[in-house]
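# Observations on the three-dimensional arrangement
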Amino acid sequence: MDESGIVGLEVLPLLVVVFVVGTLVFAQSWMALDAKIAATAGAREAARTFVEHPADRPARAAEAASRAGLRAMAGHGPTSTARVVAIGTVSNSRCARVTFEASYEVPTLALPLNGWRQITVRARSTETVDPFRHGLHGRAPCSA
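Quick summary incoming for the structure in this document.

A few words on the side chain of Gln 28. Tracing the backbone through its elements, the reader meets Gln 28 in helix H1 (residues 3–52). Classification of Gln 28 by relative accessible area gives buried; the value is 14%. Setting aside anything within four residues of it in sequence, one finds Gln 28 in contact with Val 106, Pro 107, Thr 108, Leu 109 and Ile 119.

Next up on the list: the pattern of salt bridges. Per the counting criterion, the structure on display carries three salt bridges. Here Arg 122 and Glu 101 are joined by a salt bridge, their closest N and O atoms 3.7 Å apart. Separated by 21 residues along the polypeptide, Arg 122 in strand S3 (residues 118–129) and Glu 101 in strand S2 (residues 96–107) bring together distant segments of the chain. A residue is classified by how much of its surface remains accessible, and Arg 122, at 47% relative accessible area, is partly exposed. For Glu 101, the salt bridge goes to Arg 124, with nearest N and O atoms at 2.9 Å. With Glu 101 in strand S2 and Arg 124 in strand S3, this pair connects stretches of sequence that are 23 residues apart. For Arg 124, a relative accessible area of 59% translates into the label exposed.

Attention now moves to the sheet that holds S3. Here three strands make up an open sheet; going across it, the order is S1-S2-S3 and the pairing antiparallel. Looking at the sheet topology across the chains shown, the edges are occupied by strand S1 (82–87) and S3. On average, each strand axis in the sheet is inclined to that of its neighbour by 20 degrees, with strand direction left out of account. Of the pairings in the sheet, the one linking S1 to S2 comprises six bridges and is antiparallel in character. Its bridge partner lying in S2, Arg 83 is registered against Ser 103. Of the strands in this sheet, S1 and S2 are in contact with helix H2 (residues 58–74), which crosses S1 at around 145 degrees.

What follows deals with H2. If you check H2, its first and last C-alpha atoms are 24 Å apart, about what 17 residues at 1.5 Å a residue would give, namely 24 Å. Within the sequence span of H2, burial applies to Ala 61, Ala 62, Ala 64, Ala 65, Ala 68, Gly 69 and Met 73.

Moving on to the side chain of Ser 125. Relative to the assigned elements, Ser 125 resides in strand S3. Judged by its relative accessible area of 11%, Ser 125 falls in the buried class. Residues contacting Ser 125, with those up to four places away along its chain left out, are Ala 43, Arg 44, Ala 47, Val 98, Thr 99 and Phe 100.

Moving on: the environment of Val 84. Its place among the elements puts Val 84 in strand S1. For Val 84, a relative accessible area of 8% puts it in the buried group. Residues Val 84 and Glu 63, spaced 21 residues apart in sequence, show a C-alpha to C-alpha distance of 9.7 Å. In this structure, Val 84 is in contact with Gly 42, Ala 46, Ala 65, Ser 66, Gly 69, Leu 70, Met 73, Phe 100, Glu 101 and Ala 102, ignoring residues within four places of it in sequence.

What counts and what doesn't
Residues numbered from 1 in each chain as written. Predicted model: local features only at pLDDT ≥ 70, side-chain atom pairs only at ≥ 80, totals over all residues. Heavy atoms only, no water. Helix = DSSP H or I, 4+ residues; strand = E, 2+ residues; numbered from the N terminus. Buried < 20%, exposed > 50% of the residue type's maximum accessible area, 1.4 Å probe, protein only. Contact = heavy atoms within 4.5 Å. Salt bridge = Lys/Arg side-chain N within 4 Å of Asp/Glu carboxyl O. Pairing = 2+ DSSP bridges. Axes fitted to C-alpha atoms, helices over the stretch in contact; angles between N-to-C directions. Expected span 1.5 Å × (residues − 1).

So, in structure tokens, the structure goes:
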């Protein structure tokens, strides 16, 4: 048997390790990207729902917005580790800015010896509260 066959057999385990590690890295990246898309959709839908809700009840609007954000995130997978919260000012005044943050926890793919960790992916969306523009999203001209 010539030496080239022996060298090929020695490289085979290295190629298997590179393939397995590459597959894990690709899968982890894909999970993080999907979680970012889900969090962005959840934050955007929460802010939009809050703006479209009647402005005289900000507490109810915030609850409805959180539920809408979680529903938007449910289209991407289980929402057991998802959260949608209002941050910043939530008021019923004209032209107030409201910001919602959605977070989604993604488990990391690791060896069992290292333990299981999680990556938290976050996204924020901001809208202007204007009682005269129900049904419209995005920035609106604001005059006090």
